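# Geometric and topological summary
One-letter residues, chain by chain:
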Amino acid sequence: METDTIAAISTPVGEAGIAVIRVSGPEAIRVADRIYKGKKSLNEVESHTVHYGTIVDSEQGNPIDEVLVTVMRSPRTFTREDVVEISCHGGMVPVQAVLEEVLSAGARLAEPGEFTKRAFVNGRIDLSQAEAVIDLIRSKTDRAARVAMQQAEGRLSRLIQELRGEILETLAHLAVNVDYPEYDAEQLTGEIMLKKSRRVEERITHLLQTARQGKIYREGIGTVIVGRPNVGKSSLLNALARENKAIVTDIPGTTRDVIEEYVNVRGIPLRLVDTAGIRETEDVVERIGVERSHQALEGADLILLLLNYGDPLSEDDKKLLKMVRNQTAIVVVNKMDLPQRLDLQEVRNLIGESPLITTSMIREQGIDQLEEAIVDLFMGGKAAAADATYVSNARHISLLKQARKQIRDAIEGIEAGVPLDMVEIDLKNAWQSLGEIIGDAVAEDLIDQIFSQFCLGK
Amino acid sequence: MPTSGDEFDVVVIGAGHAGCEAALAAARMGCSTLLITLSLDTIAYMPCNPSIGGPAKGHVVREVDALGGEMGRNIDKTHIQMRMLNTGKGPAVYALRAQADKVLYQQEMKKTLESEPHLLLHQNMVERLLVEDGVCRGVLTRTGAKYYAKSVVLTTGTYLRGKVIIGDLTYESGPNNQQPSVNLAHHLHELGFETVRFKTGTPPRVNKLTVDTDKMEIQPGDEEPRAFSYETKEYITDQLPCWLTYTNEKTHEYIRDNLHRAPMYSGMIEGQGPRYCPSIEDKIVRFADKNRHQIFLEPEGRETLEMYVQGLSTSLPEEIQQPLLRTIDGLENAEMMRTGYAIEYDAIVPTQLWPSLETKQVANLFTAGQINGTSGYEEAAAQGIMAGINAVRKVRGEEPVILDRSQAYIGVLIDDLVTKGTNEPYRLLTSRAEYRLLLRHDNADLRLTDLGYEVGLISEERYRRFRKKREAIEREIHRLRETILKPTPDVQALLRKLGSSELDQAVELAKLIKRPEVKIEHIYQWSPPAEPVAPEVAEQVEIQLKYEGYIKKSLQQVEKMRKMENKRIPEWVDYDQVKGISAEAKEKLNQVRPLSLGQASRISGVNPSDISILLIHLEKGRQSRASS
């Protein structure tokens, strides 16, 4: 067990109804009690109970915020230590004030991920679960939370175990052929092994395809809105934000140059880049110049390029259209309420495959179609099924890729006529790579499999 | 004969396959050695199957030979047939197996022991160890003699509190009705050793004159002469065949009808039997849907008509065994000469041993063979030679020799035993080895001869020959890497004939040989070596080049393993003080006391997260120690 007590704000920073400050460690309850005023001392309450009260400043006893305090004693807690969760009013000021009191009452500020680390060190969760929890904490929308949740509950673990089971069966068959050459078991042929390996390869590939979607859920689609002044960028931003309530405002580091805003589009988090730029100057191109906007556009996952239905294509429009040609972009023709002066055919010729949506922000028309187009573009037409398994963790993705490479090596070896017991090395590697995802690679499994699958003896 | 009070460098108890190797190794390394056995007539006795070798086991025999052990040489002189198994597979799993003439095998080994300088062979029963302050000082025999030793090697086989079971009959006995060792078993308990009860079994034997081999499939030896030892130059050409037949529905029905009399199912047997060596009744029950099982008839020797019925291990009552035999094709008139039986015995829990095979409980005491929970002659011999070597090194105050998992099957075997323990008699399998591509049958000498020489078991002359071979291999590999083959019409024609694609440009021979259909003979047709290359050299060159890519992959894995293996766990670690590791892990770590993080990571019940925490703990400890 760790000896010190840590605390941190455990809800996303930003304007929200409620924020939670979590305290964990041997002193957690005493620390909280020092700044808590309620019916009972927190030191006396039962575990896993919630208490209404006030947080007061420890020096003068002035009330800071009305709160609900949840007391959970070791070991049935997330970290297996004593844990106190203080739910206070959202908003930076009260949350910060409560946190400061907790810290001055004897806790220390937790490092990023330290709660999860304690849960892991104290044996509460395994490695894959720990990583999923970190993703859970970082996840941006409900659906992203669900993906992280499923992983925590072992959906990914189960899938990986299935794959490993298939490989293990083949390995056991091979082992019996090798260790009991005279035993009258069916010989594993290259053909059978090829078929089995290909099936595993396909399933890993499929799993990896979900990785891209997983990344979207975790990190959001980095989106840039561009267009000439007064084309309606800020209206689009507001429309997206209004319909889909922005849930997180992120202010990275000390610089306020670039502000990112998250909006939830049908369950998919859109990370809108440089929204401040749009709001303040109404024009990225004007403000930072075509050169620099070029850079901003290159880093984007999605570009929303706005054109004005009531204006013919300008030189700036053409520059922008050229810039986004090789990127994932949606061209939004706004101001459909104005008389047409834009040649839509000309635009279509310039944008190639990118979808074109027509809107009128003033009349609130076309936003639905735009949202559909976004889902279409990133989820391959179908809105993601809620029960699909997404691989969204970088370590998992790299291990899956490694396993797939190893399976492919095996397939190549079999096709080249390499003895199967040598190809086994690639299969076993794949089995181990998959095992590393769930923190489990025990060779003893193989021996058990051999003896349960085959009847051997002298 | 030794006189009570005599002092030796090493005393070895038991002259089975472990004891013989241990005693020979100790004596050959120059230590005065006493080998005490219950009976001089059961030296190197094979109480079960008359064969040595096979996958993994044959590899081990080659390894024992490369280290300077005796098993390989002995079976080369006394077999009735040899076969290379798995020849249709890759070279890593080729496996040599010999059928032994049991009596000759024993006689030959006995003569070797008798002729060994520094080695005294003596018949007696050891009842106690002389232990002072946790250090073993010698042994006490039933006749009251005390023999003192700087190191003692204990190889009790299945004799410790041995109990034979045949149907509902049980009696105290060692294998094949030898006298069991009872007092020593109790003494080991007094010394604080934790033991387990294991079970193994053996099938009935029949008279060859009553076997109708016409109804069976012949299993001859290989025509090509084979040998286990790298030193063997004379080959036995006159071989005897084995025979294959099958059980059938009649057999299975008869067994099912009498299952209630099988001790396995009446609850008579408490010992844990091995899964890889189930009795026939066990096979019928566990694999009910299999409609026949293989039965091999194997001669027990040249000068006897007794045959071993492999596949029919049983502890059913005696009166059921003969009728059971007679349900099998070719055995309709079989006369049973010996009854099959199960035997229970004590083995010590092998996690009580250091990787040197010295016990943690009693210093200077080493154990090897079935007492450590293994099964098999080869596994016993492997531990025997290592225990012998390390007993001597202890006498001399030298560091023990510990083979790692990438060096030898012997390393896999001992590491598995002392790290994971075993809950059934342990048998080596190729699938237990992570790096079996490196642990090939063909390269045991390349892996271990240096070590055998270093410890003093390989003669100067043999070592010189070995180095010559190694250099020849390296030279030839170099030549094939440097030699370029041009796509001449001759070359293309032969490639076409082999079903291999033609060359589109000149290619190194070392690359061309990677094609599965191109053999070293073909390479030599195109580019004969300047001097003739010995076949064993050509074999190495071919394997090392052909499978280079796969061998490299294995070597990369070994590198990874070595990193963990090189992280030693220092003496000061107190697992109870390590915060955050699970209670189970703590218990196991305290029991095994692993020498490295690598070994710790292989303990069952110790999770990767425990290892991470341990790693952090060690690092913190090292830092605070360095600063204080």
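Conventions and cut-offs
- Residues numbered from 1 in each chain as written.
- Chains lettered and ligands numbered in written order.
- Predicted model: local features only at pLDDT ≥ 70, side-chain atom pairs only at ≥ 80, totals over all residues.
- Heavy atoms only, no water.
- UniProt positions renumbered as here; feature names shortened; annotations may be inferred.
- Helix = DSSP H or I, 4+ residues; strand = E, 2+ residues; numbered from the N terminus.
- Contact = heavy atoms within 4.5 Å.
- Buried < 20%, exposed > 50% of the residue type's maximum accessible area, 1.4 Å probe, protein only.
- Polar contact = N/O pair within 3.5 Å; in protein donor to acceptor, adjacent residues only side chain to side chain.
- Phe/Tyr/Trp six-rings, centres within 6.5 Å; stacked < 30°, edge-to-face > 60°.
- Axes fitted to C-alpha atoms, helices over the stretch in contact; angles between N-to-C directions.
- Parallel < 35°, antiparallel > 145°, perpendicular 65-115°, else oblique.
- Left-handed = near helix turned anticlockwise from the far one by under 90°.
- Nonpolar A, V, L, I, M, F, W, Y, C, P; charged D, E, K, R; others polar.

## Comments concerning the UniProt feature "binding site: FAD" (unreviewed entry) in chain B
Residue and element names in this part refer to chain B. Listed under "binding site: FAD" (unreviewed entry) in the UniProt record, and renumbered for this structure, are G14, A15, G16, H17, A18, G19, V126, S181 and Q370. The topology assignment puts G14 in the loop between strand 1 (7-13) and helix 1 (17-28). Those residues in contact with G14 that lie beyond four places of it in its chain are G19, L35, I36 and T155. With respect to the helices and strands, the residue Q370 is situated in the loop between strand 20 (365-367) and helix 10 (377-395). Judged by its relative accessible area of 21%, Q370 falls in the partly exposed class. Once residues within four sequence positions are removed from consideration, Q370 is found in contact with G157, T158, Y345, A347 and S375.

## Quick word on the UniProt feature "binding site: (6S)-5-formyl-5,6,7,8-tetrahydrofolate" (unreviewed entry) in chain A
Residue and element names in this part refer to chain A. Taking the numbering used here, the UniProt-annotated feature "binding site: (6S)-5-formyl-5,6,7,8-tetrahydrofolate" (unreviewed entry) corresponds to R22, E85, R124 and K458. Note that E85 resides in strand 6 (residues 83-89). For E85, the side chain forms a polar contact with the side chain of R22, separated by 2.9 Å.

## Section: the packing of aromatic side chains
All names here are of chain B. Applying the stated criterion across every chain, the model contains 3 aromatic pairs over all chains. Ring centres of F8 and Y147 lie 6.4 Å apart, and the angle between their planes is 75°; this geometry places the pair in the edge-to-face category. Of this pair, F8 sits in strand 1 while Y147 is found in strand 9 (residues 146-154), placing the two residues 139 residues apart along the sequence. Residues F8 and Y147 agree in their burial class; the two are buried. Relative to F466, the ring of Y463 lies with its centre 6.0 Å away and its plane at 25°, an arrangement referred to as stacked. You can see Y463 and its partner F466 sitting in helix 13 (residues 460-482), 3 residues apart, about one turn around the helix. Overall, the relative accessible area of 10% leaves Y463 in the buried class.

## With respect to the packing of helix 2 (residues 57-66) of chain B against helix 10 of chain B
All names here are of chain B. Packing of helix 2 against helix 10 brings their axes to within 9 Å, and their N-to-C directions diverge by 30°. Accordingly, the angle class assigned to the pair helix 2 and helix 10 is roughly parallel. Crossing of helix 2 over helix 10 shows left-handed handedness. Facing K57, V60, V61 and V64 of helix 2, the residues of helix 10 in contact are E378, E379, A381, A382 and I385. Within the contact of helix 2 with helix 10, the residues separate by chemical class into 6 nonpolar, no polar and 3 charged.

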